[in-house]
Amino acid sequence: MNGVRNNEARQKVQEELTDEQLLRYSRQIMLPGIDISGQEKILNSTVLIVGLGGLGSPVAMYLASAGVGQIILVDHDDVELSNLQRQIIHSVDTVGESKVQSAKTRIAQLNPDCAVMTHETKLLDNNAESLVQQADVVIDCSDNFTSRFALNRACVQHKVPLVSGAAIRMEGQLSVFDARHADSPCYRCLYDDSEGEDLSCATNGVLAPVVGIVGSIQALEALKLIAECGEPVVGKLMIFDMASMDWRTMKLKKDATCPVCG
């Protein structure tokens, strides 16, 4: 995988699980789709998480606890009191800190063996490629189209799977875009880059568990991609109406005229 090969910060690929790891990850290892080989893939993987808010919080916590070997965190914001209602990786003690540092501290408490790299910056075209090239899987937990489109372009160019999620009010959506497959659509196939301003939780509100549910599914999809188990939702858009608990799945087709992947 790209991240393991390209990232010099990782000393070497782990070939055998230690006794402590066998115990820590035993409930995952017993799954036929994971087993020892799948857990080794997870331990040797690198995941890029963009955004440490409501979605990124459960993503980072679940991936760290599942044993992802290295996590790269990107966010330019600081922790505010209003974040704590839904951004569960942060705490009262970290209000005023950068979100990436707050998240790194919490990850160390969950799993000290997980290496964490932090970038206190907004993801844009000028840094997207260098960050994406280090990862085996990228998870978009950002809250603006500028970052989403930049991330998508870099993922398509370097053929790194992108797990995209969004949530607001009592609604959510999720999809996986995997440029390693010729027939996979990309984020730009779904959204035009001339879209207007993003909807935000700050102006529209959100019920706390909604972002937790979407973020948890993003983490699940990332682990499926890494361990090569199950069927990732590539070519599909999952739409959640949490108010009525209506979950729908729509098929997505690649846009032959897409300026990014067409």
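For the structure itself, look to the data block above.
These figures come from a predicted structure and were not determined experimentally.

Caption draft 1: Summary view of unusual backbone geometry. A positive phi angle, close to 50 degrees, is found at R169, a residue other than glycine. Phi is positive for M245, which is not a glycine, with a value near 55 degrees. Inspection of the secondary structure puts M245 in the loop between strand 7 (236–241) and strand 8 (246–251).

Caption draft 2: Looking closely at helix 7 (residues 125–132). Along helix 7, the residues classified as buried are N127, A128, L131 and V132. With its buried residues spanning 125 degrees around the axis, helix 7 presents them on a single face. Tucked inside the fold, the buried residues of helix 7 contact strand 1 (46–50), strand 2 (70–74), strand 3 (115–119), strand 4 (137–140) and helix 8 (145–158).

Caption draft 3: Just the pairing of strand 8, in detail. Sheet topology note: the strand 7/strand 8 ladder contains six bridges and is antiparallel. Bridged to K236 within strand 8 is K251. Linking strand 7 back to strand 8 in an antiparallel pair, the connection comprises four residues, with M245 at a positive phi of about 55 degrees.

Caption draft 4: A look at a negative patch on the surface. A cluster of acidic residues, D77, D78, E80, E120 and D143, forms a negative patch on the protein surface. Structurally, the position occupied by D77 is in the loop between strand 2 and helix 6 (99–110).

The rules we used
- Residues numbered from 1 in each chain as written.
- Predicted model: local features only at pLDDT ≥ 70, side-chain atom pairs only at ≥ 80, totals over all residues.
- Heavy atoms only, no water.
- Helix = DSSP H or I, 4+ residues; strand = E, 2+ residues; numbered from the N terminus.
- Buried < 20%, exposed > 50% of the residue type's maximum accessible area, 1.4 Å probe, protein only.
- Arc of directions from axis to C-beta.
- Contact = heavy atoms within 4.5 Å.
- Pairing = 2+ DSSP bridges.
- Patch = residues over 30% accessible without salt bridge, like charges linked within 9 Å, V, L, I, M, F, W, Y side chains within 5 Å.
- Areas by Shrake-Rupley, 256 points an atom, 1.4 Å probe, with all protein chains shown as cover.
- Salt bridge = Lys/Arg side-chain N within 4 Å of Asp/Glu carboxyl O.
- Lys, Arg positive; Asp, Glu negative; His and termini not counted.
- Charge placed at Lys NZ, Arg CZ, Asp CG, Glu CD.

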